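Descriptive structure summary
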Amino acid sequence: MLQPPDTEPLDPPERTLMGPGPSEVHPRVLRIMSAPLIGHLDASFIEIMNEVQELLRYTFQTENRWTIPVSGTGSASMETAFANVVEPGDTVLVPTNGYFGGRMASMAQRAGGEVVHVDAPWGEPLDPDDVAAAFDRHDPEVFGFVHAETSTGVVQPQVPELTSIAHEHDAYVIADTVTSLGGVELRVDEWDVDVAYSGGQKCLSCPPGASPLTVNDRTMEKVLGRDTDVRSWYLDLSLLEGYWGEDRSYHHTAPITNVYALREALQLVAEEGLEARWGRHREMATRLKEGVEELGLELNPDDEFWLPSLNAVRIPDGIDDTRLLAEVQEQYNLEIASGLGDLEGEILRIGCMGYSARPQNVRLVLSALEDALAMQGYEP
Ligand SMILES: *Cc1c(COP(=O)(O)O)cnc(C)c1O
């Protein structure tokens, strides 16, 4: 007989989460997660599903029928997009300007796509002229871009220009909106985005587990007309249609508690109002930005491409970021993050997302940074 391990009831530390995700979960969302389960085919649950879909349409600013939470984290809704839209042999154009463009490439390739790139350095957005040139050169069927690049703190401007280039070439556009949905301006229908996916634990302040996806009818026609089955059974939209479409028949058990949580998180978005919420993110991040500038630090991206939900702060010379992160966690119970990939050792990543985007959190980050920098002999 194996003996039980010597563990105690769980008591996780309480941290202030100001990193690239997860963000802090709103108390109302935490509360609803302790509600008892109901069956995933219960009429009451189906009503909750309908409401989640309506609230998601509002948050994405879309009338797409195909607007659902995918079971799993943001990467699951991301993979649902690529696995369904990309058919073997399709050419897929993806960006090189951050970590998540790289993940798009891996997913597109696993779906059987031929991956080609539109280049931009980490820390800059895509230039529409480069996108147009890549279209002329490769004539891709699918184009993916990252609206809010969490690895670099850059927002992609000129989205309608990018989608119109793609549509002139009859391509389908997939947008990564994981760090923009519910935090920075995003208008799926007005900007003519075909597919957008997101996650719960960034600007929606919901625990990861049910991840928003929206697909327009034109793209669903491509998906339903595929010659080959989607390689993933779990993420196959033609099968998920049975559960989230008219039939409401069993495909897999919905993560019921996560759907409750998302329903409440989206309710909070609706109560605040999208534009007010975008404004709050901008206002809180402006305080953060001005505060770090007063400390003599600067943000990595140009002001034009600054992403309020993720602030990439340049690390001054002589500062050890690993030590700084350990210090702020130990002294302040505060989570912020270091850079990834091309920006490793160059930036700190400070989120300002959802329920975490509030004045006391911004003040805490600024004092913690000031202290931790001083410990390493930094003077503004
Ligand atoms: C967090 C994130 C993802 C992946 O989401 P997970 O919930 O970690 O699976 C994808 N794209 C971007 C831009 C992200 O920030």
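Under an unreviewed UniProt entry, the name given to the chain is Alanine--glyoxylate aminotransferase family protein, and the organism recorded is Halobellus ruber. The UniProt entry for the chain carries this comment under Sequence similarities (unreviewed entry): "Belongs to the class-V pyridoxal-phosphate-dependent aminotransferase family." Among the UniProt annotations of the chain, the heading Cofactor (unreviewed entry) holds the following wording: "pyridoxal 5'-phosphate".

**A few points about the site of the ligand**
Residues in close proximity to the ligand include Thr73, Gly74, Ser75, Phe100, Arg103, Ala148, Thr150, Asp176, Val178, Thr179, Gln201 and Lys202, which together make up its full environment. At 2.9 Å, a backbone N or O of Gly74 approaches an oxygen atom of the ligand. For the shell around the ligand, the elements supplying multiple residues, two or more each, are α3 (74-85) and α4 (99-110). Classifying every residue of the shell around the ligand by side-chain character gives three nonpolar, six polar and three charged.

**Some remarks on the UniProt feature "domain: Aminotransferase class V" (unreviewed entry) in the chain**
Mapped onto this structure's residue numbering, the UniProt feature "domain: Aminotransferase class V" (unreviewed entry) falls at residues 39-339. Taken end to end, residues 39-339 comprises 43% helix and 17% strand; its first and last C-alpha atoms sit 42 Å apart.

**Here we look at the packing of aromatic side chains**
Under the criterion given, the structure shown has four aromatic pairs. Ring centres of Tyr99 and Phe100 lie 5.0 Å apart, and the angle between their planes is 80°; this geometry places the pair in the edge-to-face category. Between Phe143 and Phe145, the ring centres sit 5.9 Å apart and the planes meet at 25°, which makes this aromatic pair stacked. With a relative accessible area of 0%, Phe143 lands in the buried category. Note that Arg218 overlies the ring of Tyr172, its terminal NZ or CZ placed 4.2 Å from the centroid.

**Brief notes about the sheet that holds strand β14 (residues 347-351)**
Taking strand neighbours across the sheet as the criterion, the three strands line up as β11-β14-β13 in an open arrangement whose pairing is antiparallel. Of all the strands in the sheet, just β11 (310-314) and β13 (337-338) have a single pairing partner and so form its edges. In terms of strand pairing, β11 meets β14 through five bridges, oriented antiparallel. Bridge pairing in β14 places Ala312 opposite Arg349.

Cut-offs applied
- Sequence order as written defines the numbering, with residues in each chain counted from 1.
- A pLDDT threshold of at least 70 governs which residues receive local features in this predicted model, and a stricter bar of 80 or more applies before side-chain atom pairs are shown or counted, although totals over entire chains, interfaces and linings include all residues.
- Only heavy atoms go into the side-chain values, all of them from the structure, while hydrogens and water stay out.
- UniProt positions are given in the numbering used here, feature names are shortened, and annotations may be inferred rather than shown by experiment.
- Any residue with a heavy atom lying within 4 Å of a molecule or strand is counted as near it.
- In the analysis that follows, any N or O atom pair within 3.5 Å is treated as a polar contact, provided that within protein one partner can donate a hydrogen and the other can accept it, and provided that, for residues neighboring in sequence, both atoms belong to side chains.
- Helix numbers and strand numbers start at the N terminus; a helix is a DSSP run of H or I with at least 4 residues, a strand a run of E with at least 2.
- The nonpolar class holds Ala, Val, Leu, Ile, Met, Phe, Trp, Tyr, Cys and Pro. Asp, Glu, Lys and Arg form the charged class, and all remaining residues, Gly among them, are polar.
- Each aromatic pair joins two rings of Phe, Tyr and Trp (for Trp, the six-membered one) with centres within 6.5 Å, and gets the label stacked for planes under 30 degrees apart, edge-to-face for over 60, and tilted for any other angle.
- Partly exposed describes any residue whose relative accessible area lies between the buried limit of under 20% and the exposed limit of over 50%, with all areas from a 1.4 Å probe on protein chains only and scaled to the type maximum.
- Cation placement over rings: the criterion is NZ of Lys or CZ of Arg within 6 Å of the ring centroid and within 35° of the ring normal.
- Two strands form a pair only when DSSP identifies at least two bridges running between them.

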